[in-house]
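So you can see what is in the structure, the chains are spelled out below.
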Amino acid sequence: MAAIPQHGIGDRLYHNVILSFVRRLLVSAIFALPFVLAGGYFLAASYYGLEGSQVPQWTSFVVIAVGLALMVIGLYMSFTGIVPSPGLVPGEKQLVMRHPTMKPAYARIVMSIPFFAGALYLGFFTTSPYVYATIPFVVGMYLFFKGAMRYLRNLHITYTVTNRRVVHMYRFLWLTTKEIPVSRIISIAEARNFFEIITGRGSVVVSSGIGAGQIIKIEEINDPAPVAEALRALLP
């Protein structure tokens, strides 16, 4: 069988359950902390007359609430994100387990930073009306939340290939699985756009017929070629 072994202490540490939980919790804290700190500072500034005291108090409370909400959601999803793993029946062997790459999520978050910096500059280092600072701030928030939601979503998606089936599993507030038995696979295809090619990621599309219920798309994974090869090795 075309199993894809993972060697080295780096791989073992990466897949350790406790370290995986701590790593995901740390990333969630990084997402939330800037909002909590910024909201706390503006709230303190309004009381003690510091720089930024002109920011309305309700804005500070909203920013703090956003940060706390991200922390709570991240804490919950850090607990549940390490759970998805399909049970194996006697005689079944796991060949591949993958999760979607976090590169698109990180890219959106990084793209939001210049907009936040521009909003900070326009708001506190120029005499421009606050409406000018609001526009880049809103754009930055949009990109940031798109990236954060993609990151949290990807934590809960697991793709598993065994010697008997292909499984897509999603677990958040509910559990959803989709399976295709190996014996029913009729086509395997790789899909990559230009940006996926240059970043080393892509998708593997497994089909057992026509219609959404007959297709599993193992999407946005790093180095999809070995996954496709492992699947092709299972075909008669």
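In the block above lies the structure referred to throughout.
These numbers come from a predicted model, not from an experiment.

Rules behind the numbers
Residues numbered from 1 in each chain as written. Predicted model: local features only at pLDDT ≥ 70, side-chain atom pairs only at ≥ 80, totals over all residues. Heavy atoms only, no water. Salt bridge = Lys/Arg side-chain N within 4 Å of Asp/Glu carboxyl O. Helix = DSSP H or I, 4+ residues; strand = E, 2+ residues; numbered from the N terminus. Buried < 20%, exposed > 50% of the residue type's maximum accessible area, 1.4 Å probe, protein only. Axes fitted to C-alpha atoms, helices over the stretch in contact; angles between N-to-C directions. Parallel < 35°, antiparallel > 145°, perpendicular 65-115°, else oblique. Left-handed = near helix turned anticlockwise from the far one by under 90°. Nonpolar A, V, L, I, M, F, W, Y, C, P; charged D, E, K, R; others polar. Pairing = 2+ DSSP bridges.

Peer 1: Would you mind going over the pattern of salt bridges with me for this structure?
Peer 2: Working definition: two side chains of opposite charge can pair if their charged atoms are close together. Enumeration according to the criterion identifies 6 salt bridges in this entry. The salt bridge involving Arg150 is made with Glu220; its shortest N-O contact spans 3.0 Å. Here Arg150, found in helix H5 (residues 130-154), pairs with Glu220, found in strand S7 (residues 215-222); they are 70 residues apart in sequence, far enough to count as distant. A relative accessible area of 21% places Arg150 in the partly exposed class. Relative accessible area serves as the criterion here: at 16%, Glu220 is assigned to the buried category. Among the salt bridges present, the one from Glu219 reaches Arg153, with a minimum N-O distance of 3.5 Å.

Peer 1: Just checking my understanding: could you explain the packing of helix H4 (residues 103-124) against H5 for this structure?
Peer 2: The geometry of a pair of packed helices is captured by two quantities: the angle between their axes and the separation between those axes. One way to put it is that H4 packs onto H5 with a least axis distance of 7 Å and a crossing angle of 160°. Here H5 runs roughly antiparallel to H4, going by the angle between their axes. For H4 against H5, the interelement crossing comes out left-handed. The residue inventory of the contact of H4 with H5, partitioned by class, reads 20 nonpolar, 5 polar and 3 charged.

Peer 1: I would appreciate a short explanation of the sheet that holds strand S6 (residues 201-207) in the present structure.
Peer 2: Backbone-to-backbone hydrogen bonds pair the strands of a sheet. The strands run either parallel or antiparallel. Read from one edge of the open sheet, 3 strands run S5-S6-S7, paired in antiparallel fashion. Of all strands in the sheet, those with a lone pairing partner are strand S5 (187-191) and S7, marking the two edges. Neighbouring strand axes in the sheet, compared pairwise and without regard to direction, differ in orientation by 15° on average. Alignment of S5 against S6, held across 5 bridges, turns out to be antiparallel.

By themselves, these observations are geometric and do not establish any function.
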